[in-house]
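# Commentary on secondary and tertiary structure
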Amino acid sequence: MTSTPETPLRRTPLHAAHLKAGARMVPFGGWDMPVQYAGVKAEHDAVRTRAGVFDVSHMGEFRVQGPDAGAFLQRVTTNDVMKLKPGRAQYNWLPNEAGGLVDDIYVYRVGEQEFLLVVNASNIGKDWAHLQQHAADFSVQLSDESDRWGLLAVQGPEAEALLQPHTDVNLSAKKKNAYFPARLLGFDVWLARTGYTGEDGFEVFVKADEAEALWDRLLALGLTPAGLGARDTLRLEAGFPLYGHEFADDLHPLASTYTWVVKDKEHVGRAGMQAAPPVKLIGLALERVPVREGYPVLLNGERVGQVTSGTSSPTLGHPIAMALVQSDAAQADAYEVEVRGKAHPARRVELPFYKRA
Amino acid sequence: MQTPTELKYAPSHEWLAPDGTVGISDFAQDQLGDVVYVELPEVGRVVTAGETVAVVESVKTASDIYAPASGTIIAVNEQLSGSPELVNSGPYEGGWLFKLDVTGESGDLMDADAYAAANG
């Protein structure tokens, strides 16, 4: 018998609220997080058809300030942060020297010399060390505000209509990737018209000690609490890659379909990304058998790659998967995925699997 | 959580009826969440108690189902191929998995009280 030393799981400011809502809690990236409340499918459907709310307070927030804030971020990210006006946000990558990804992040421009980065929960420590290392050459100040913020994601076609009566900001004037301060339900928050579900919605930055009270008010508006289970099926249907699955330190990120994230500029990973990626990310649709991460993908009986994320799509009603396959085998129409020793047919389909009307 | 008293229960959450019918418990289906696929054994297969004989897949995970006793598979629930959600809605009725002709020994099976106490 073996045992692993137990590290206490971290808790978000909403931990008690999750237990009160009857959530099933699971360890996720070092955090004790709700995987579901009523059920993955019901929560997924609520976000696709009405609106749901997720606790994403486990994600990290770093503030970057100073005369070189923009220049520093140009160097350590692949996208063009100088295109961002204050009040706008952008999806971006933190490359490493070898051309893999330290993390995929969101960059919010607060002012001319001030940005906020939102990073993946499990990468907070690694990202912080990486940024510190590269900051030495720049006149910037980095602060880790991860413990100061609660972060709630209100997602779904009815998100705007539900929130509008309770805020002083005209939400319809705030387009995708807008980032702005607001008064919402009596709380001073920052809102971003961003999300990870393929639906319209807002991410709400609230002071950690006010997060539970705001969560309660949002549930009272009729928002369905949604857990990590639904977050994963929603993001997979939307074709969004997930760090640790479609991205990693040693994985060429241009294997993904998000090649537009890399702009022609000097950045930490530029040399490492010169070579063409040896694998490509593809979408697969299956008839009945769900396929999971790590299952082999076959072409003409030969193993050409493996599934990186897979689930049964609640919206489409059949299993879907993303897979990394050898670049020279990425153009076929039909593959097979090996499930418990048996090969099942899989069609290649364009990503995303689901796009809102 | 329902735990019918006429059934025996394995620690791995399968139930075994006196007539050899096997399914998963109400507790197990609740833990799994929405069942989306069930892979059943072939009729005629001879199995040993504790052996993996089926797989129940929810949206999130695949879970192995073990034979609660040794015997031969004499029937499988064909309804599950079109309606796997029966495992959630009726774990002791329409959601049964397979029938065993029990010929050998059972695993460590519990009565309803012991099972309910272990999973309370």
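These figures come from a predicted structure and were not determined experimentally.

## Structural notes on the nonpolar core
Residue and element names in this part refer to chain A.
- V189, L214 and L218 are the most contacted members of the largest nonpolar core, which has 29 residues in total.
- Of all elements in the fold, only β9 (149-155), α5 (159-163), β10 (179-184), β11 (187-192), β12 (201-207) and α6 (211-220) reach the threshold of two or more residues within this core.
- Those residues in contact with L218, other than ones at most four positions away along the chain, are V53, L152, V154, L163, L185 and L223.
- Ranked by size, the runner-up nonpolar core spans 27 residues in total, among them V47, W149, F205 and M273.

## Examining the sheet that holds strand β4 (residues 35-39) of chain B
Residue and element names in this part refer to chain B.
- Pairing is antiparallel across the open sheet formed by three strands, whose spatial order is β4-β6-β7. The open sheet is flanked by β4 and β7 (62-66), the only strands paired with a single partner. Here the strands of the sheet are splayed against their neighbours by 25° on average, with no regard to which way each runs.

## Focus on the domain arrangement of chain A
All names here are of chain A.
- What the domain assignment reports for chain A is domain 1 (15-59 + 148-237), domain 2 (60-132 + 242-277) and domain 3 (279-357).
- Contacts between domain 2 and domain 3 engage nine residues on the former and ten residues on the latter.
- Carbon and sulfur atoms make up 54% of the surface buried where domain 2 meets domain 3, a total of about 800 Å² over both sides.
- A per-residue breakdown of the area domain 2 buries against domain 3 is headed by H245, E246 and A255, which together make up 57% of the total.
- Put simply, domain 2 and domain 3 have zero salt bridges between them.

## Quick word on empty space enclosed by the protein
Residues and elements named next belong to chain A.
- Under the defined criterion, the tally for this structure stands at one cavity of 30 Å³ or more.
- Reported here for the largest cavity is a volume of approximately 30 Å³.
- Along the walls of the largest cavity sit M33, P34, F54, D55, A226, G227, L228 and R231, which together make up its complete lining.
- When its residues are assigned to classes, the lining of the largest cavity shows five nonpolar, one polar and two charged.

## A closer look at the sheet that holds strand β3 (residues 21-24) of chain B
All names here are of chain B.
- Here six strands make up an open sheet; going across it, the order is β1-β2-β3-β9-β8-β5 and the pairing antiparallel. Every interior strand has two partners, whereas the edge strands, β1 (8-9) and β5 (46-47), have only one.
- Bridging between β5 and strand β8 (residues 69-76) involves two bridges; their strand directions are antiparallel. Residue V46 lies in a different strand from β8, and its bridge partner there is T72.

## Let's talk about the environment of D249(A)
Residue and element names in this part refer to chain A.
- Tracing the backbone through its elements, the reader meets D249 in the loop between α7 (228-237) and β14 (279-286).
- As for D249 and D137, which are separated by 112 residues in sequence, their C-alpha atoms are 23 Å apart.
- Those residues in contact with D249, other than ones at most four positions away along the chain, are N96, G100, L101, V102, K126 and Y243.

## A word on unusual backbone geometry
All names here are of chain A.
- At the junction of L351 and P352, the peptide bond is cis and its omega measures out at 0° in the coordinates.
- Positive phi values are uncommon outside glycine, yet N177 reaches one of about 75°.
- N177 sits in the buried class, given a relative accessible area of 14%.
- Backbone geometry places R340, a non-glycine residue, at a positive phi of 50°.
- By the secondary structure assignment, R340 is in the loop between β18 (334-339) and β19 (342-349).

## Some points on the pairing of β8(B)
- Of the pairings in the sheet, the one linking β8(B) to strand β9 (residues 98-106) of chain B comprises six bridges and is antiparallel in character. Bridging across to β9(B), G71(B) finds its partner in V102(B).

## So, the UniProt feature "domain: Aminomethyltransferase C-terminal" (unreviewed entry) in chain A
- UniProt marks residues 280-355 of chain A with the feature "domain: Aminomethyltransferase C-terminal" (unreviewed entry), using the numbering shown here.
- Between the end C-alpha atoms of residues 280-355 of chain A the distance is 21 Å, and the span holds 0% helix and 58% strand.

Rules of the game
- Residues numbered from 1 in each chain as written.
- Chains lettered and ligands numbered in written order.
- Predicted model: local features only at pLDDT ≥ 70, side-chain atom pairs only at ≥ 80, totals over all residues.
- Heavy atoms only, no water.
- Core = buried A, V, L, I, M, F, W, Y, C linked by side-chain atoms within 4.5 Å.
- Buried < 20%, exposed > 50% of the residue type's maximum accessible area, 1.4 Å probe, protein only.
- Helix = DSSP H or I, 4+ residues; strand = E, 2+ residues; numbered from the N terminus.
- Contact = heavy atoms within 4.5 Å.
- Pairing = 2+ DSSP bridges.
- Axes fitted to C-alpha atoms, helices over the stretch in contact; angles between N-to-C directions.
- Domains from an automatic or database assignment.
- Buried area = accessible area lost by both parts, 1.4 Å probe.
- Salt bridge = Lys/Arg side-chain N within 4 Å of Asp/Glu carboxyl O.
- 1 Å grid on protein atoms, 1.4 Å probe; cavity = no way out; pocket = protein on both sides within 12 Å on 5 of 7 lines; lining within 4 Å.
- Points joined across faces, edges and corners; volume = space filled by probe spheres on them.
- Nonpolar A, V, L, I, M, F, W, Y, C, P; charged D, E, K, R; others polar.
- UniProt positions renumbered as here; feature names shortened; annotations may be inferred.

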